[in-house]
Amino acid sequence: MSAPDPDGLLAEQLLRLTRRLHRIQKRHLEPVGITPAQSRLLRVVAHYGDTPPRMADLAARLEVVPRAVTSLVDGLEAAGRVRRVPDPASRRVIRIELTDEGRATLRELRSARRAAAEDILAPLTVEQREVLGGLLTALAGPVPESGC
């Protein structure tokens, strides 16, 4: 019998945790009527503030292909949460901006994300959460200041 593979076991635990995180997040976002990917796109659009991003900006920031952004924007636009607007400097460029409905959805999302985080982190003490935060920062890098 071969010896246990600690790195392989750790990788499997991380994959299981990722799936669990996705399920919990999805459950908390369902009442808002939004998917986790749409939620992330809304947060990224909000990060740009007064200068709405181009579709290419969103694709780069989300690390996805432009077609994926188009699908997300289509769904959010149909729900009235974002709108496509022409760039004042170039008619060929389309920018994506939040609507009032999108800003209201972001407020709902903050509550849903806090509730999801509490579900996920409930088994941990405050000290364990601090240690986990440090470990995650070492693995994934610091969280952007905007929380995107």
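Bear in mind the structure is a predicted one, so any value in this text is a computation, not a measurement.

A. Focus on the pairing of strand 2 (residues 90-98). With six bridges connecting them, strand 1 (residues 82-87) and strand 2 associate as antiparallel partners. Opposite Val85, over in strand 2, you have Arg95 as the bridge partner. If you look at the hairpin formed by strand 1 and strand 2, you'll find two residues sitting between the two strands.

B. Structural view of the nonpolar core. Of all hydrophobic cores here, the largest spans 21 residues; its most connected members are Leu41, Leu42, Leu58, Val69 and Val73. Of all the elements in the fold, those that place two or more residues in this core are helix 2 (36-47), helix 3 (55-62), helix 4 (66-78), strand 2 and helix 5 (100-121). Beyond its immediate sequence surroundings of up to four residues, Leu42 is in contact with Ile34, Leu76, Arg81, Val82, Leu98, Gly102, Thr105, Leu106 and Leu109.

C. Spotlight on helix 4. Along its 13 residues, helix 4 runs 18 Å from first to last C-alpha, staying within 8% of the 18 Å computed at 1.5 Å per residue. Turning to helix 4, its buried residues number three or more, namely Val69, Leu72, Val73 and Leu76. End-on, the buried residues of helix 4 take up no more than an arc of 100 degrees, which puts them together on one face. In helix 4, those exposed residues whose orientation departs by more than 90 degrees from the buried face are Arg67 and Ala78. Those residues of helix 4 that are buried lie in contact with helix 2, helix 3, strand 1 and strand 2. Looking at the residues trailing helix 4, positive phi occurs at Gly80, about 80 degrees.

Calculation notes
Residues numbered from 1 in each chain as written. Predicted model: local features only at pLDDT ≥ 70, side-chain atom pairs only at ≥ 80, totals over all residues. Heavy atoms only, no water. Pairing = 2+ DSSP bridges. Helix = DSSP H or I, 4+ residues; strand = E, 2+ residues; numbered from the N terminus. Core = buried A, V, L, I, M, F, W, Y, C linked by side-chain atoms within 4.5 Å. Buried < 20%, exposed > 50% of the residue type's maximum accessible area, 1.4 Å probe, protein only. Contact = heavy atoms within 4.5 Å. Expected span 1.5 Å × (residues − 1). Arc of directions from axis to C-beta.

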